[in-house]
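# Coordinate analysis (summary)
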Amino acid sequence: MDHFHYHNGELHAENVPLARIAEQVGTPVYVYSRATLERHAQVFREGLADLPSVHLAFAVKSNPNVAVLKVLKEQGFGADVVSEGEMRRALAAGIPAADIVFSGVGKTRRELAAALEAGIGQFNVESEEEGEELAALAAERGVTAPCALRVNPDVEAGTHAKISTGKAENKFGVPYDRAAEMFDRLARLSGMNLRGLAVHIGSQLQSLAPLEAAFSRMGALMEAIRAEGHHVTHMDLGGGVGVPYREGEQFPSPADYGAMVARVCKGWDVTLMFEPGRVITGNSGMLVTEVIRVKQGVTAPFVVVDAAMNDLARPAMYDAWHDFAAVRPTGDRLTASVVGPICESSDVFAKEREIDSVQTGDLAVFRTAGAYGATMANTYNSRALVPEVLVSGDRFAVVADRIEPAAILAAERVPDWL
Ligand SMILES: *Cc1c(COP(=O)(O)O)cnc(C)c1O
């Protein structure tokens, strides 16, 4: 459920007409709904209400806007970060360091040191080498690093290959079969407080079965590690719960997910940690665009919009679907391809799809663009970096400026020897 609706024939975010935002901020522009973010945060938490001890860490990479982070912080979420930059954002939003989890296969020495100095709550260590380096950095500083060992459970997530992370050949985590012995070695290092295990098998999962398989394997591993005399007090189950992008698609609800976790993790006696991203932010945002022109094509017309793959990369990168809708639909329909202005044939949002009929100057939206949208934007073709707006009731605010090509040009230099 979201808080984007048609009112008097016009699409609104909460009580604000999208046309008003487009007029004041320009297009393309991402628009987020605070009430939707809050609702998704609450529904996710309620889904886990039967679990004894839960820590929620929002996956910052899905939407790192600092205002979005602040909304989620107010909902009691910590943060799952994958770089020092994301950590700084989480701290800037007021998320306590103790509620920050640092994931990622390539944390640099500098990032590890910065996170130790910030006093973050947990490092999800992805290799023995990283664990040794972190333990040494912690010991030098006279502290211990709270850690979980990220394990690759070798489970097929059944999602797009580019967002599958839990098969043995993926770069993430340590091999399942070697995890117990690595845990034993790392746990003995001074500077290391190895207290748990972590798993994350991929994103946009449509079925709970792979998650269940992964969690069961983690439970067995935890038992084996405990049998060696180690304490395991934390189990980080990652993120990955998918969302429908197309009207009519069926996905497990947070309640279904919570019930599965409660069943599989019964009696584990750990704090269960979660890193949801997309399920919180996906449906909370739209990308608003203006139609530049409708161009005749050989098989179908092209609706050329002013948003492009640099603003919303998911269709080009993952063949992803985003519903397209007119801000002021007339009721007429049209079969067309919706494309951006970029000089790449992958800059296509919809191929010969039946859509609301639109013409030059009309506003339209790509729905479900709150996750992995603005965060992946870039300036390819010397386009502006897309701005972001947060709506709350009848108010809205620009929460990220449009960065104009001139500002980017100003950061470039021609050396004096040219
Ligand atoms: C990307 C990622 C997440 C979030 O995934 P979603 O599918 O957005 O829920 C959680 N944990 C880790 C380690 C990730 O890399």
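Because the structure is a prediction, the values reported are computed rather than measured.

This next bit is on the UniProt feature "domain: Orn/DAP/Arg decarboxylase 2 N-terminal" (unreviewed entry) in the protein. When the UniProt feature table is mapped onto this chain, "domain: Orn/DAP/Arg decarboxylase 2 N-terminal" (unreviewed entry) is found at residues 36-281. Taken end to end, residues 36-281 comprises 39% helix and 17% strand; its first and last C-alpha atoms sit 8 Å apart.

This part is about unusual backbone geometry. Pro28 follows Thr27 through a cis peptide bond whose omega is -10°. Structurally, the position occupied by Pro28 is in the loop between helix 1 (18-25) and strand 4 (29-33). For Asp269, which is not a glycine, the phi torsion comes out positive at approximately 60°. As for its placement among the helices and strands, Asp269 is situated in the loop between helix 9 (254-264) and strand 13 (271-274). One non-glycine residue with positive phi stands out, namely Tyr372, at about 55°. If you trace the backbone, Tyr372 turns up in the loop between strand 19 (363-366) and strand 20 (388-392).

Attention now goes to the packing of helix 5 (residues 109-118) against helix 6 (residues 128-140). For the pair helix 5 and helix 6, interaxial distance at closest approach is 10 Å and the crossing angle is 45°. One finds that helix 5 runs oblique with respect to helix 6. The chirality of how helix 5 crosses helix 6 is right-handed. Facing Arg109, Leu112, Ala113 and Leu116 of helix 5, the residues of helix 6 in contact are Glu130, Glu133, Leu134, Leu137, Ala138 and Glu140. Here the contact of helix 5 with helix 6 is built from residues that sort into 6 nonpolar, no polar and 4 charged.

All right, on to the pattern of salt bridges then. With the rule as written, the count across this model stands at 19 salt bridges. The salt bridge involving Glu128 is made with Arg185; its shortest N-O contact spans 2.5 Å. Pair noted here: Glu128 is in helix 6 and Arg185 is in helix 7 (residues 179-187), with a separation of 57 residues, a long-range link.

The rules we used
- Residues numbered from 1 in each chain as written.
- Predicted model: local features only at pLDDT ≥ 70, side-chain atom pairs only at ≥ 80, totals over all residues.
- Heavy atoms only, no water.
- UniProt positions renumbered as here; feature names shortened; annotations may be inferred.
- Helix = DSSP H or I, 4+ residues; strand = E, 2+ residues; numbered from the N terminus.
- Axes fitted to C-alpha atoms, helices over the stretch in contact; angles between N-to-C directions.
- Parallel < 35°, antiparallel > 145°, perpendicular 65-115°, else oblique.
- Left-handed = near helix turned anticlockwise from the far one by under 90°.
- Contact = heavy atoms within 4.5 Å.
- Nonpolar A, V, L, I, M, F, W, Y, C, P; charged D, E, K, R; others polar.
- Salt bridge = Lys/Arg side-chain N within 4 Å of Asp/Glu carboxyl O.

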